[in-house]
Amino acid sequence: MSSGALQNGATQIVVRKLSKVYPNGLRALDNVNVTIKKGEFVAIIGSSGAGKSTFIRSINRLVQPTSGTITINGKNATSGGNLRYLRRDVAMIFQQFNLVKRLSVLRNVLMGRLGYKGGLEQIYPIFNSKDIDLALASLQRLGIAEKAYIRADQLSGGQQQRVAIARALTQEPSIMLADEPVASLDPETSIVVLDILKRINREDGITTIVNLHQLDLAKEYADRVLGFKGGKLVFEGAPEDVTREVYERVYR
Ligand SMILES: Nc1ncnc2c1ncn2[C@@H]1O[C@H](COP(=O)(O)OP(=O)(O)OP(=O)(O)O)[C@@H](O)[C@H]1O
Ligand SMILES: [Mg+2]
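(A) Highlighting the sheet that holds strand S9 (residues 224–229). With mixed pairing, six strands are arranged side by side in an open sheet as S6-S7-S8-S3-S9-S10. If you trace the sheet from one side to the other, it starts and ends with strand S6 (90–94) and strand S10 (232–237), each paired once. Each adjacent strand pair in this sheet contributes to an overall mean axis angle of 20°, direction not counted. Packing against the sheet, helix H1 (residues 52–59) makes contact with strand S3 (41–45), S6, strand S7 (175–179), strand S8 (207–211) and S9, and its axis sits at approximately 155° to S8. In the packing of helix H8 (residues 244–251) onto the sheet, contacts are made with S3, S9 and S10, and the angle to S10 comes to roughly 160°.

Here is the structure:
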């Protein structure tokens, strides 16, 4: 099944009995079961060490789970299959932006097309006019088209995160993962970045899963909140269901 075929609201990600035990014996995920729908904006909350990053990184197999399964668009995402296709369909943005500092903004955004290149082109990519048009359109959408030819390290943190989002968008993913995307930004810039993620989520129907330390932002932006504690999913519900009692359950 191709991801584009999925209607908004259809089941897209099915996580079953997912556990991760790191080589040192630490159980970072403990029997997690959850289903995420196409087009949802999901916020993940929990204290430091709760397993939020491990969970998000399992979805594009940056972390290999110890047991359990994740099915994405009807395909097993935890073993076998085509990892390149998975990483192309599941884009990711990071707290530290992960740009190539010495390259131009446009070059960085074009990296989003690498998953579509094969063989030698993975090393010496040739970007065609479709790639360049997509990259420029992404920059335009994020309001930073005028920065296309500037070196990435000459931008502010908020601008760099917008470049990282443009790169993710240029992948044409069906799912966007964001691990603490605003943790390195000031409060006003955080709002700008989350507004952009939400707009892309709504306009393009890209399923968005975001780890957030700030509970107020999670409640404001998410359709659904997942609360992790000690590797277990201890809460799953609408933002308005995150009551004082839930807060205590997740953070204490
Ligand atoms: N590569 C690793 N090897 C061993 N233990 C790890 C590894 N990565 C994470 N852990 C441990 O697994 C647990 C969950 O880590 P994870 O990074 O998923 O938590 P988190 O909820 O994202 O925390 P934070 O809010 O601090 O980012 C923690 O106890 C962490 O120390
Ligand atoms: Mg983390």
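(B) Molecular detail of the site of ligand 1. Near ligand 1, the surroundings consist of 14 residues, among which Ser48, Gly49, Lys52, Ser53 and Thr54 are the closest. Tyrosine 22 places a side-chain nitrogen or oxygen 3.5 Å from a nitrogen atom of ligand 1. One of the side-chain N or O atoms of lysine 52 is found 2.7 Å from an oxygen atom in ligand 1. Protein coverage of the free-state accessible area of ligand 1, which is 630 Å², stands at 63%. Per-element accounting of the shell around ligand 1 gives the leading share, three residues, to H1. A breakdown of the residues in the shell around ligand 1 according to their chemical character gives four nonpolar, eight polar and two charged.

(C) Molecular detail of the nonpolar core. Among the nonpolar cores identified, the biggest contains 48 residues, and Leu139, Ile165, Ile200 and Leu212 are the most heavily contacted of them. In terms of residues, this core owes the most to one element, helix H5 (residues 157–170), which gives six residues. Here isoleucine 165 is in contact with Ile93, Leu142, Val193, Ile196, Leu197 and Ile200, once residues within four sequence places are set aside.

(D) Structural view of the packing of helix H4 (residues 129–141) against H5. Where H4 contacts H5, the two axes come as close as 9 Å, and the packing angle between them is 135°. With respect to H5, the axis of H4 lies oblique. Note that H4 runs across H5; the crossing there is right-handed. Seen from H4, the contacting residues are Leu134, Ala135, Ser138, Leu139 and Arg141; seen from H5, they are Ala166, Leu169 and Thr170. When grouped by side-chain class, the residues that make up the contact of H4 with H5 number five nonpolar, two polar and one charged.

How each quantity is defined
Residues numbered from 1 in each chain as written. Chains lettered and ligands numbered in written order. Predicted model: local features only at pLDDT ≥ 70, side-chain atom pairs only at ≥ 80, totals over all residues. Heavy atoms only, no water. Pairing = 2+ DSSP bridges. Helix = DSSP H or I, 4+ residues; strand = E, 2+ residues; numbered from the N terminus. Axes fitted to C-alpha atoms, helices over the stretch in contact; angles between N-to-C directions. Contact = heavy atoms within 4.5 Å. Near = heavy atom within 4 Å. Polar contact = N/O pair within 3.5 Å; in protein donor to acceptor, adjacent residues only side chain to side chain. Areas by Shrake-Rupley, 256 points an atom, 1.4 Å probe, with all protein chains shown as cover. Nonpolar A, V, L, I, M, F, W, Y, C, P; charged D, E, K, R; others polar. Core = buried A, V, L, I, M, F, W, Y, C linked by side-chain atoms within 4.5 Å. Buried < 20%, exposed > 50% of the residue type's maximum accessible area, 1.4 Å probe, protein only. Parallel < 35°, antiparallel > 145°, perpendicular 65-115°, else oblique. Left-handed = near helix turned anticlockwise from the far one by under 90°.

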